[in-house]
2 protein chains.
Amino acid sequence: MAPFAVLALASSALLAPALTRQQLEAFIASRQREIVSELVELVAIPNTAADTENARANASLVREMLRHRGLRTELLETDANPIVFGEWKAPGATRTLLLYSHYDGLGVDPKAWKQASPYAAILRDGRLEDGGKELPGPKTRASYQPEWRLYGRSVAHAKAHIVGLCAALDTLKASGVQPTSNLRVVIDGEESSGSPSLLSAIPRHRDKLGADLMLVLDGQAHPSGRPTLTFGARGWLLLELTVYGPKLPLHSGHYGNWAPNPGMRLAQLLASMKDAEGQVLVQGFYEGVVPVSPEEQAMMDAVPDDPARLMKLFGFAQPERPSLSLQQALQLPSLNVRGLSSAYVGPEARNVIPDRAVAALDVRLVKETPAGPIAEKIRAHVRAQGFHVVESEPDDETRARHPLIAKLVLRGATEAHRTSPLLPESRRVVEAVRSMLGEPPVLLRTTGGTVPITPFIQAMGFPAILLPTTNFDSNQQTENENLRLGHLFTGIVTLAAVLAMP
Amino acid sequence: MAPFAVLALASSALLAPALTRQQLEAFIASRQREIVSELVELVAIPNTAADTENARANASLVREMLRHRGLRTELLETDANPIVFGEWKAPGATRTLLLYSHYDGLGVDPKAWKQASPYAAILRDGRLEDGGKELPGPKTRASYQPEWRLYGRSVAHAKAHIVGLCAALDTLKASGVQPTSNLRVVIDGEESSGSPSLLSAIPRHRDKLGADLMLVLDGQAHPSGRPTLTFGARGWLLLELTVYGPKLPLHSGHYGNWAPNPGMRLAQLLASMKDAEGQVLVQGFYEGVVPVSPEEQAMMDAVPDDPARLMKLFGFAQPERPSLSLQQALQLPSLNVRGLSSAYVGPEARNVIPDRAVAALDVRLVKETPAGPIAEKIRAHVRAQGFHVVESEPDDETRARHPLIAKLVLRGATEAHRTSPLLPESRRVVEAVRSMLGEPPVLLRTTGGTVPITPFIQAMGFPAILLPTTNFDSNQQTENENLRLGHLFTGIVTLAAVLAMP
């Protein structure tokens, strides 16, 4: 028994199931072609946020899809791409849910895709990497197997979630069940650039955006494939650290041992930040992080992670912090060297003492370790190693004065958010899903990743839960993005359960 | 008084000067146009080693230049470009000098050059960076000022030395003085690829290549501008070190704190190799290095280095090893991070745990620290830090077995050489130059750089002295290579002094 089942069951009295999983699945089975076709048509419109004309075409189609389900819709104009807004009033409902997703997606490098166009979705009878073969006519199959995959940009991130929401509404209607909550739907067109327009829409549209609970329809379900609810996301703090050598690359023969080597000094500086067990040594880095409660620990212990399988898949023999489980590791802020550069390696390498060495760092933040103080602690750490810290290229005078110079530049920050899984709203959602699916969902106290929607959640101040329903191997950030159809179909059931929760 | 003057004067009795600096300079002044024109014509033939047709055209012209000075010449055919060989027998001479230079040069990126073609040499009335203006007609000036500079590929490295040798022979002839040594001239066409053909020519042409002393006509004089004699060169050992993370870049949110970060581990590994004072910590790295003798120390102390000027020019406040002078630093092997790479930095940086981090290293070797043992010591050091060391990409089994994996690949090695400045031949050359120029030359126990000719010197087993005569700011490895004419003219005097030494 998963220990968290105790927590979920405690609130089961709240639920009066009006429909069964079998009912919903039968309806979905009868509508597979329409569901997949709607997704293929939505994917057909290119959707980078910068392509404003197509962004508007996406918004129009999404609006039409929602209108077709009986929602009152409008486009909320912003400084950039419009937000699609939809509203549905549930008779007698005292609770409002805000359902969020987005229609924009990342750019594509068509050459890297194994299909004619990333926007002309194709169907395969399995995973490309496992030899999945293309099946003709993705919109005209007689039936669709759960293991089949649709390939195309944004099939998973996040157009599957938009289509899944529409299908969930259809499913409820066909079952004669109405949503039990007032619904507000917000479909963003700027997620890939951090949803700035959504944040700036708050002052103008606060009355439309308020809710008792936000559900973020985006992201990937747990690798186990089980329905997943996520109560938080880590933030990020992006930093770039540059250590200086001579003003120009110098001949490593004529000056080696004499001119300072920035690569070595950067290495020494980075090495000072973490011990051999992966513990960050920056003073105060973990300050404020409190131990998780026993209930939360039980929830984390119940997550069906399979570290041995992941390590085999990823090809490493030991985690960075061997004493922590994956879920424990994600509860802590991390410090990651995401890139290094200094002159050249490989055939282009030249015998120089480079003029600089650069490290791109990302810190994943947790709720207790906000970006500003962490950046300050890292700056203090660099100073404590003897470096003069600058924010722009050092001039001659600075170079003449300081033996060790490091430039530390902030490249961006998004805070973490976390909603307690112990809140009544949280328990209600968990129980709705558990009861409908007949098994406990995977409950993540936080995902390790960062969601751009966090500043909006924080500005609005409501609790928020992520309902990630696509497959974890969807390649959502890169080429050959794909959606396992079984995940789409189960996601519809999951979402219907939440829409119909008591 | 420069302490080494004592050493030089001790052997002054050997010299019976037959001509004066004034005599030589007057003749050179009368022949400036011919000297510069010959260099412009030689530079006009493109000379990358890979361009075999033009390489042969260079060889033919160089052969003709030597033949014109009365040398018996031939082309020594090799597996690649021919070696130009010339010989002159001095009546009654008991000593044979081997004079080495090369006609090949590095490739060019014409776009980076501030002239129509790198092979169409132009004249400027000063240094390009100081606003030097182009002067029309490099081959037709009435006179040539020492501060003027000729710009073109190989004007300095090393065609100036070939033309300088020819002019030195002309100068002696015009002065009615004959060289006092038998001369053998070897002009290489493969220097830029490490002179493999010269090495392989030894078995076939050993009788032509033997000598009592080799003079390497190549390289840059000391930045002070004073005539320079160099008794050794450091070698190099090029290594590439790769530290592995997951098989593919992983999402730094989903796996940060859990999947091992190769950038941090590489940083920790590199940091373990050097202390904060620049001392290499690899066990046995300095083994065998003996203190320099008092005479050599005096010679090093007399080198007119200007570290304050260099540090200002290069923009750093303190040398890597503050306790060592530049000359002291060059007597020791160095360990330099010449490049770093892991995923991306700057705008391309992505939030990944990279799959690998790579450091390109170069070790500058000294005579007492040959390449093989140093490579083994570095390998042992990496092992001692807990890494499993491989020589090719680790397979799944290796990844599953070892938490820390590093690939260490040897990318090339050239040993150091050093001829004692205390040998009679060395003293004789020093005294010839000192006596002719009226001031002590700069004597470098070793240059910090590496010369590809070292394996040839070692194979032949003769003492070798480098006579670098071009300006130190010649950009000889890059675009806008240039030759200060004053250096060319003084180089001719220097070389004539050596050719006429008793």
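What you see is a predicted model; the values in this text were computed from it and never measured.

Q: Which residues make up the overall build of chain A, and what values go with them?
A: Counting secondary structure elements, chain A contains 16 helices and 21 strands. Its C-alpha radius of gyration of 25 Å places chain A within 12% of the 23 Å reference for a compact globule of 502 residues. For chain A, the C-alpha atoms occupy an extent of roughly 80 × 50 × 50 Å along the three principal directions. Out of the 502 residues belonging to chain A, those deemed buried represent 53%. Taking the contacts inside chain A whose residues are at least 6 apart along the sequence as the reference set, 80% of them involve residues at least 24 apart.

Q: Pulling in residues and values, what's your account of the relation of the copies chain A and chain B?
A: Between chain A and chain B, which share one sequence, the superposing operator has a rotation angle of 180° and an axial displacement of 0.2 Å; the RMSD is 0.2 Å. Interpreted geometrically, this transformation is the action of a two-fold axis. Residues of chain A ranked by C-alpha distance from the rotation axis are headed by Ala267(A), positioned 2.0 Å from it. A symmetric contact is evident, with 100% of the interface residues of chain A recurring at the interface of chain B.

Q: Would you mind going over the pairing of strand E15 (residues 356-365) of chain A in detail, with residue names and values included?
A: Burial runs high along E15(A): 10 of the 10 residues are buried. Going residue by residue along E15(A), you find Arg356(A), Val358(A), Ala360(A), Asp362(A) and Arg364(A) tucked away on one face and Ala357(A), Ala359(A), Leu361(A), Val363(A) and Leu365(A) tucked away on the opposite face as well.

Q: Give me the lowdown on the domain arrangement of chain A, citing residues and values where you can.
A: All names here are of chain A. When cut into domains, chain A gives domain 1 (4-233 + 416-499) and domain 2 (235-288 + 304-414). The C-alpha-based centres of domain 1 and domain 2 are spaced at 36 Å. Counting from both sides, the interface comprises 14 residues of domain 1 and, opposite them, 10 residues of domain 2. Of all elements in the fold, only strand E18 (417-418) and helix H15 (454-460) reach the threshold of two or more residues within the side of domain 1 that touches domain 2. Its residues assigned to classes, the side of domain 1 that touches domain 2 comprises 4 nonpolar, 7 polar and 3 charged.

Q: With reference to specific residues and values, describe the environment of Gly176(B).
A: Residue and element names in this part refer to chain B. Position of Gly176 relative to the elements: it lies in the loop between helix H5 (159-174) and strand E7 (182-188). Judged by the 9 C-beta atoms lying within 10 Å of it, Gly176 is exposed. Residues Gly176 and Gln318, spaced 142 residues apart in sequence, show a C-alpha to C-alpha distance of 52 Å.

Q: Any chance you could break down the pairing of strand E2 (residues 83-88) of chain A for me, citing the residues and the numbers?
A: All names here are of chain A. With 5 of its 6 residues buried, E2 lies for the most part within the structure. Of the strand pairs in this sheet, strand E1 (residues 72-76) and E2 are connected by 5 bridges, and their pairing is antiparallel. Residue Thr73 lies in a different strand from E2, and its bridge partner there is Gly86. The antiparallel pairing of E1 with E2 creates a hairpin that spans 6 residues between the two strands. Strand direction decides the pairing type here: E2 and strand E7 (residues 182-188), joined by 5 bridges, are antiparallel. Across the sheet, the residue bridging to Trp88 is Leu183, located in E7.

Q: Tell me what's going on with helix H12 (residues 371-384) of chain A, and back it up with residues and numbers.
A: Residues and elements named next belong to chain A. Spanning 14 residues, H12 covers 20 Å between terminal C-alpha atoms, matching the ideal 20 Å at 1.5 Å per step. The elements touched by buried residues of H12 are strand E11 (235-244), helix H8 (262-271), E15, strand E16 (388-390) and strand E17 (405-414). After H12 finishes, the residue Gly386 shows a positive phi value of roughly 95°.

Q: Please give an account of the interface of chain A and chain B that cites residues and values.
A: Taken together, the contacts link 70 residues of chain A with 70 residues of chain B. If one sorts the elements of the side of chain A that touches chain B by residue count, strand E13 (residues 334-343) of chain A sits on top with 9 residues. The class makeup of the residues in the side of chain A that touches chain B is 34 nonpolar, 22 polar and 14 charged. One ladder, built from 5 bridges, connects E13(A) with strand E13 (residues 334-343) of chain B; its direction is antiparallel. The residue bridging Gly339(A) from the neighbouring strand is Ala343(B), located in E13(B).

Q: So what's going on with the sheet that holds strand E21 (residues 482-484) of chain A? Residues and values would help.
A: Residues and elements named next belong to chain A. Reading across the sheet, the 4 strands line up as E5-E4-E6-E21 and stay open at both edges, with antiparallel pairing between neighbours. Of all strands in the sheet, those with a lone pairing partner are strand E5 (134-135) and E21, marking the two edges. Here 2 bridges tie strand E4 (residues 122-124) to E5, and the two strands are oriented antiparallel to one another. The residue bridging Leu123 from the neighbouring strand is Leu135, located in E5. The strands touched by helix H16 (residues 485-499) are strand E6 (149-151) and E21; relative to E21, the strand with the most contacts, the crossing angle is about 65°.

Q: Could you give an account of the sheet that holds E11(A), with specific residues and numbers?
A: What the 10 strands build is an open sheet, ordered E16(A)-E17(A)-E11(A)-E15(A)-E13(A)-E13(B)-E15(B)-E11(B)-E17(B)-E16(B); its pairing is mixed. In this open sheet, the two edge strands, each paired with only one partner strand, are E16 of chain A together with strand E16 (388-390) of chain B. Taken over all neighbouring pairs, the strand axes of this sheet differ in orientation by 30° on average, direction set aside. Sitting on the sheet, H8(A) touches E11, E13, E15 and E17 of chain A together with E13 and strand E15 (356-365) of chain B, and the angle it makes with E15(A) is about 20°. Across the sheet, helix H8 (residues 262-271) of chain B is in contact with E13 and E15 of chain A together with strand E11 (235-244), E13, E15 and strand E17 (405-414) of chain B; its angle to E15(B) comes to roughly 20°.

Q: Summarise the packing of helix H2 (residues 21-30) of chain A against H16(A); cite the residues concerned and give the values.
A: Between two packed helices, both the angle of their axes relative to each other and the distance between the axes serve to describe the pair. Residues and elements named next belong to chain A. Packing of H2 against H16 brings their axes to within 10 Å, and their N-to-C directions diverge by 130°. By the angle class used here, H2 and H16 are oblique. The chirality of how H2 crosses H16 is right-handed. Of the residues in H16, those in contact with Arg21, Leu24, Glu25 and Ile28 of H2 are Phe489, Ile492, Val493 and Ala496.

Q: Requested: an account of the packing of H8(A) against H8(B), with residues and values cited.
A: At a minimum axis separation of 8 Å, H8(A) and H8(B) run at an interaxial angle of 110°. In terms of their interaxial angle, H8(A) and H8(B) are classed as roughly perpendicular. Handedness of the crossing formed by H8(A) with H8(B): left-handed. Every residue of H8(B) that contacts H8(A) at Met264(A), Ala267(A), Gln268(A), Leu270(A) and Ala271(A) is listed here: Met264(B), Ala267(B), Gln268(B), Leu270(B) and Ala271(B). Of the residues that constitute the contact of H8(A) with H8(B), the class distribution is 8 nonpolar, 2 polar and no charged.

Q: So, the confidence of the model for chain A: which residues are in play, and what are the values?
A: Averaged over all residues, the pLDDT of chain A equals 94, while 96% of them reach at least 70. Predicted confidence for residues 1-17 of chain A stays below pLDDT 50, and this span has 34 contacts to residues more than four positions away or in other chains.

Q: Just give me the short version of the environment of Leu61(B), but keep the residues and values in it.
A: Residues and elements named next belong to chain B. Looking at where Leu61 falls in the secondary structure, it is placed in helix H4 (residues 52-68). When the C-alpha positions of Leu61 and Glu41 are compared, they lie 9.2 Å apart, and in sequence the two are 20 residues distant. Once residues lying within four places of it in the same chain are set aside, the contact partners of Leu61 are Leu42 and Ile45.

Q: Quick one: what's the story with unusual backbone geometry, residue by residue and with numbers?
A: Residue Ala158(A) is bonded to the preceding His157(A) through a cis peptide linkage, with omega at 5°. Of note, Ala158(A) is situated in the loop between E6 and helix H5 (159-174). Despite not being glycine, Ser195(A) shows a phi value in the positive range, around 55°. Residue position: Ser195(A) is located in the loop between E7 and helix H6 (196-209). Judged by C-beta crowding, with 26 C-beta atoms within 10 Å, Ser195(A) ranks as buried. Even without being a glycine, Asn257(B) presents a positive backbone phi close to 95°. Turning to its location among the elements, Asn257(B) is positioned in the loop between helix H7 (252-255) and H8.

Rules of the game
Residues numbered from 1 in each chain as written. Chains lettered and ligands numbered in written order. Predicted model: local features only at pLDDT ≥ 70, side-chain atom pairs only at ≥ 80, totals over all residues. Helix = DSSP H or I, 4+ residues; strand = E, 2+ residues; numbered from the N terminus. Rg over C-alpha atoms; globule rule 2.2 N^0.38 Å. Buried ≥ 20, exposed ≤ 12 C-beta atoms within 10 Å, placed from the backbone. Contact = placed C-beta atoms within 7 Å. Least-squares fit on C-alpha atoms with pLDDT ≥ 70 in both. Domains from an automatic or database assignment. Nonpolar A, V, L, I, M, F, W, Y, C, P; charged D, E, K, R; others polar. Pairing = 2+ DSSP bridges. Expected span 1.5 Å × (residues − 1). Axes fitted to C-alpha atoms, helices over the stretch in contact; angles between N-to-C directions. Parallel < 35°, antiparallel > 145°, perpendicular 65-115°, else oblique. Left-handed = near helix turned anticlockwise from the far one by under 90°. pLDDT = per-residue confidence, 0-100.

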